[in-house]
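# Coordinate analysis (summary)
Given next are the chains, with one letter for each unit.
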Amino acid sequence: MTNLQRAAEALRAFKKVVFFTGAGISAESGIPTFRDKLTGLWTKHEPQRLETANAFRENPALVWSWYLWRRHHVGQAKPNPAHYSVSQLAVAGWDVSVVTQNIDDLHERAGSSPVIHLHGSLMDVKCFACHRPGTLASAQLETPEEEQLIEPPRCARCGGKLRPGVVWFGENLPENSWRSAVRRVKSCELLVSVGTSGVVMPAAAIPDMALAAGATVIHVNIEDVGFGGTDEIMLLGSAGMVLPALLKAAGVAV
Ligand code: BV8
Ligand code: ZN
């Protein structure tokens, strides 16, 4: 039996499914993953060095402009067949939860709801000083030209700098998102881990958490990221090809 046949059998058997996704699910939408070299202005920066409160403190315009650029890029992108497969499975009657490390809104734009964003969302902003959520007038969402740095707007309540509503390295994950994700992972029958390198903790512990709770885990990745467990199935290939093939092999009407 091929891995795809084993995965299809698991999908037919198990209706309570969690999709745990990383940057790889958005790669075919043209959103660079963290392993891809950054393009243009950002080539001389390491994402992990831009994604910290210290980086924002030291150079708010650089960090703010990077997120404006990413936000523009996401706005130009479209969900790909992998995102649609996730929402189609829910429409076909499976109990689907989406837990993502991504800060883009491609799952939502493909029809998935709710989406648990463990690391926040590009669409949100909050105040760096008083932490209150902020709102952005569209004028404040200009896209930086190459090498142009734009100062972050100010908080209407306290005048502090607005920052992206994302979780930076060294910051805690949003309590309610993490708790809700753990509850769903520990009670699912099947976890499909799509396009993640499994580096960033504590999110990277999620597939193991599902296995420990007795679930079956299907990994979808262009690299072999499986740990080789008996309840694990590795589907090698791009998410935009593999997920539609998996639904088809399982006979899911889409
Ligand atoms: C925290 C938002 C408590 C911002 C991001 C142990 C326990 C707890 C914490 C730690 C720990 N060890 C170290 C830490 C600290 C740190 C950490 O994990 N560091 C790493 C580098 C070791 N963790 C934290 O700081 C977290 N906070 O733990 O709070 C705490 C508090 C104080 C002090 C200590 C602890 C917060 C981390 C959140 C960081 N924010 N994003 C933004 O995006 O700008 S992380 C960001 O990077 C993403 O959200 C994601 O999580 C990660 C990237 O991972 P992936 O999504 O997997 O993407 P990647 O590019 O790596 O891989 C892509 C994959 O797709 C590859 O496998 C590739 O093969 C595959 N692929 C490519 N194309 C395709 C494909 N697959 C299929 N199809 C394709 N077409
Ligand atoms: Zn404020």
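As a starting point, this report considers the structure included with it.

Conventions adopted
- Residues numbered from 1 in each chain as written.
- Chains lettered and ligands numbered in written order.
- Predicted model: local features only at pLDDT ≥ 70, side-chain atom pairs only at ≥ 80, totals over all residues.
- Heavy atoms only, no water.
- Helix = DSSP H or I, 4+ residues; strand = E, 2+ residues; numbered from the N terminus.
- Buried < 20%, exposed > 50% of the residue type's maximum accessible area, 1.4 Å probe, protein only.
- Polar contact = N/O pair within 3.5 Å; in protein donor to acceptor, adjacent residues only side chain to side chain.
- Pairing = 2+ DSSP bridges.
- Right-handed = clockwise from strand over helix to strand, strands pointing away.
- Near = heavy atom within 4 Å.
- Areas by Shrake-Rupley, 256 points an atom, 1.4 Å probe, with all protein chains shown as cover.
- 1 Å grid on protein atoms, 1.4 Å probe; cavity = no way out; pocket = protein on both sides within 12 Å on 5 of 7 lines; lining within 4 Å.
- Sits in = over half its atoms within 2 Å of the grid points.
- Nonpolar A, V, L, I, M, F, W, Y, C, P; charged D, E, K, R; others polar.
- Core = buried A, V, L, I, M, F, W, Y, C linked by side-chain atoms within 4.5 Å.
- Donors = N, O, S within 2.8 Å, 3.2 Å for Na, K, Ca; no water.
- Tetrahedral: all angles 85-135°; square planar, octahedral: opposite > 155°, others 65-115°.
- Points joined across faces, edges and corners; volume = space filled by probe spheres on them.
- Domains from an automatic or database assignment.

## Quick look at the side chain of Q101
- Here Q101 is to be found in the loop between strand 2 (95–100) and helix 6 (106–109).
- Given a relative accessible area of 13%, Q101 falls into the buried group.
- Within the local environment of Q101, its side chain forms a polar contact with the side chain of T196, the two groups lying 2.8 Å apart.

## Digging into the pairing of strand 7 (residues 190–194)
- Burial runs high along strand 7: 5 of the 5 residues are buried.
- The side-chain alternation of strand 7 yields two buried faces, one formed by L190, V192 and V194 and the other by L191 and S193.
- Here 5 bridges tie strand 1 (residues 16–21) to strand 7, and the two strands are oriented parallel to one another. By the bridge assignment, T21 is partnered in strand 7 with V194.
- Bridge analysis of strand 7 against strand 8 (residues 216–221) gives 5 bridges, and the strand direction is parallel. In the strand pairing of strand 8, V192 is matched with I218.
- Taken together, strand 7, helix 8 (residues 206–212) and strand 8 constitute a β-α-β crossover, and its handedness is right-handed.

## Here we look at the site of ligand 1
- Around ligand 1, 35 residues are found, and the nearest of them are Y67, R70, H119, G170 and S197.
- E171 is positioned such that a nitrogen or oxygen atom in its backbone is 2.7 Å from a nitrogen atom of ligand 1.
- Side-chain polar atom of S197 to an oxygen atom of ligand 1: 2.6 Å apart, as the coordinates give it.
- Contact with the protein chains covers 78% of the free accessible surface of ligand 1, which is 1500 Å².
- Of the pockets mapped on this structure, ligand 1 occupies the largest pocket.
- When the residues that make up the shell around ligand 1 are grouped by side-chain class, the tally is 15 nonpolar, 14 polar and 6 charged.

## Let's talk about the nonpolar core
- The biggest cluster of nonpolar side chains holds 28 residues, and the ones touching the most others in it are L11, F19, L89, V192, I218, V220 and L243.
- Looking at this core, the elements that each hand over two or more residues are helix 1 (3–13), strand 1, helix 5 (81–91), strand 2, strand 7, strand 8, strand 9 (232–236) and helix 9 (239–249).
- With 5 residues, the top contributor of residues to this core is helix 9.

## Brief notes about the sheet that holds strand 4 (residues 120–127)
- Read across the sheet, 3 strands follow the order 5-4-6 without closing on themselves; strand pairing throughout is antiparallel. Each end of this open sheet is capped by a strand with a single partner; those strands are strand 5 (133–134) and strand 6 (162–166).
- Where strand 4 and strand 5 come together, 2 bridges link them in antiparallel fashion. Looking at the pairing, K126 lines up with P133 of strand 5.

## Topic: the coordination of the zinc ion (ligand 2)
- For the zinc ion (ligand 2), the full set of protein donor atoms is C127 (SG), C130 (SG), C155 (SG) and C158 (SG), and the range of their distances to it is 2.2 to 2.3 Å.
- One way to put it: the 4 donor atoms around the zinc ion (ligand 2) meet at angles of 100 to 119°, and that makes the site tetrahedral.
- When the donor residues of the zinc ion (ligand 2) are listed from N- to C-terminus, their spacing reads C-x2-C-x24-C-x2-C. Here C127 is found in strand 4, whereas its partner C155 is found in the loop between strand 5 and strand 6, with 28 residues between them in sequence.
- On the basis of relative accessible area, C127 is assigned to the buried category, the value being 0%.
- Residue C155 is classed as buried on the basis of its relative accessible area, which comes to 8%.

## A look at empty space enclosed by the protein
- With the rule as written, the count across this model stands at 2 cavities of 30 Å³ or more.
- In this structure, the largest cavity occupies an estimated 240 Å³ of space.
- Lining the largest cavity are 17 residues, and of these I31, P32, F34, R70 and I103 sit closest to its centre.
- It is helix 4 (residues 60–76) that contributes the most residues to the lining of the largest cavity, 5 residues altogether.
- Per-class residue counts for the lining of the largest cavity are 11 nonpolar, 4 polar and 2 charged.
- Taken domain by domain, the lining of the largest cavity gets at least three of its residues from each of domain 1 (1–31 + 78–119 + 173–254) and domain 2 (33–76 + 122–166).
- Of the voids in this model, the second largest cavity is the one considered here, and its volume is about 60 Å³.

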